[in-house]
Amino acid sequence: MGDSALTRARLLASATDEFAEHGIAGARVDRIAAAARANKSLIYTYFGSKDTLFDIVFDARVDADIAEIPFTALDLPGYAVSLYDMYLGDPALVRLLTWARLERTPTGSLFDRGPDNDADKFAAIAGAQQGGVLVDDISAEDLWSMLISLAGSWAQAAIVYTAAEHEPADDHHRRRTALAATVRRAFCCAR
């Protein structure tokens, strides 16, 4: 990797930390540059603006984390537990999601990736509903939204309680078990 690629990577890493900690409005390009050991002008050269830099950081973090968790409508409890683990292991992700919701997109879809962004997931859910695997009295879109919300029950933006990696393994096991059981009861048909 050349010097410019390394500098760009350092800027992205430091921008991720800065945006997660301070949000879009509170982030400072001078702090990002200093943490990356780079000239502030390189942020504008590589990324154009602070807002564009946030978009790149946000998309990269979401894409990287979601790519690690394959979705199958045939195992929604397992998927929800995998999301719990992802949120637990990457607090910066939830903070970025929260800042994006607070500062950019207060309503509607958080991900501006086109109208069919989750179409494959909705189709998989609908197929599982038609196959009698999942309940069919909830739209695929609403089921998806509730599934994601349930998985985030203990994530960093949780209203009641936020879990942390350092907590006892028994606590995480209890939450994973409760989450899987709740998803199973809410969305899966008895077999």
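Residues numbered from 1 in each chain as written. Predicted model: local features only at pLDDT ≥ 70, side-chain atom pairs only at ≥ 80, totals over all residues. Heavy atoms only, no water.

**Digging into the packing of helix α5 (residues 76–89) against helix α6 (residues 91–103)**
Turning to step 1, where the next piece is worked out: Between α5 and α6, the least distance of the axes is 4 Å, while the angle of their chain directions is 90°. In terms of their interaxial angle, α5 and α6 are classed as roughly perpendicular. Two secondary-structure elements touch here, α5 through Met 86, Tyr 87, Leu 88 and Gly 89 and α6 through Pro 91, Leu 93 and Val 94.
Turning to step 2, where the next piece is worked out: For the contact of α5 with α6, the per-class residue count stands at six nonpolar, one polar and no charged. (Axes fitted to C-alpha atoms, helices over the stretch in contact; angles between N-to-C directions. Helix = DSSP H or I, 4+ residues; strand = E, 2+ residues; numbered from the N terminus. Parallel < 35°, antiparallel > 145°, perpendicular 65-115°, else oblique. Contact = heavy atoms within 4.5 Å. Nonpolar A, V, L, I, M, F, W, Y, C, P; charged D, E, K, R; others polar.)

**Here's the deal with the pattern of salt bridges**
Turning to step 1, where the next piece is worked out: Taken as a whole and assessed by the stated rule, the structure comprises eight salt bridges.
Turning to step 2, where the next piece is worked out: With its nearest N and O atoms 2.4 Å apart, the salt bridge here joins Asp 55 to Arg 104. Of this pair, Asp 55 sits in helix α4 (residues 50–67) while Arg 104 sits in the loop between α6 and α7 (119–130); the two residues are 49 residues apart in sequence, bridging distant segments of the chain. (Salt bridge = Lys/Arg side-chain N within 4 Å of Asp/Glu carboxyl O.)

**Details of the environment of Gln 156**
Turning to step 1, where the next piece is worked out: Its place among the elements puts Gln 156 in the loop between α8 (140–151) and α9 (169–187).
Turning to step 2, where the next piece is worked out: In sequence terms Gln 156 and Phe 19 are 137 residues apart; their C-alpha atoms lie 15 Å from each other.
Turning to step 3, where the next piece is worked out: Not counting residues up to four positions away in its chain, the partners in contact with Gln 156 are Tyr 87, Pro 91, Val 94 and Thr 162.

**Considerations on the side chain of Asp 65**
Turning to step 1, where the next piece is worked out: Assignment of secondary structure puts Asp 65 in helix α4.
Turning to step 2, where the next piece is worked out: Beyond its immediate stretch of four places on either side in the chain, Asp 65 contacts Met 86, Asp 90 and Leu 93.

**Examining the packing of aromatic side chains**
Aromatic ring pairs are defined here through the distance separating the ring centres and the angle between the ring planes.
Turning to step 1, where the next piece is worked out: Going through the model one piece at a time under the given rule, you end up with seven aromatic pairs.
Turning to step 2, where the next piece is worked out: Between Phe 54 and Phe 58, the ring centres sit 5.7 Å apart and the planes meet at 20°, which makes this aromatic pair stacked. Highlighted residues: Phe 54 and Phe 58, both in helix α4, separated by four residues, approximately one helical turn. Taken individually, Phe 54 and Phe 58 each receive the classification buried, so the pair is uniform in this respect.
Turning to step 3, where the next piece is worked out: Measuring from ring centre to ring centre gives 5.9 Å for Tyr 79 and Trp 144, while their planes differ by 35°; the resulting arrangement is tilted. A residue pair is termed long-range when its members are at least 10 positions apart, and Tyr 79 in helix α5 and Trp 144 in helix α8 qualify at 65 residues. Trp 144 matches Tyr 79 in its accessibility class, with the two residues each being buried.
Turning to step 4, where the next piece is worked out: Grouping aromatic residues by their ring pairs yields a cluster made of Phe 19, Phe 54 and Phe 58. (Phe/Tyr/Trp six-rings, centres within 6.5 Å; stacked < 30°, edge-to-face > 60°. Buried < 20%, exposed > 50% of the residue type's maximum accessible area, 1.4 Å probe, protein only.)

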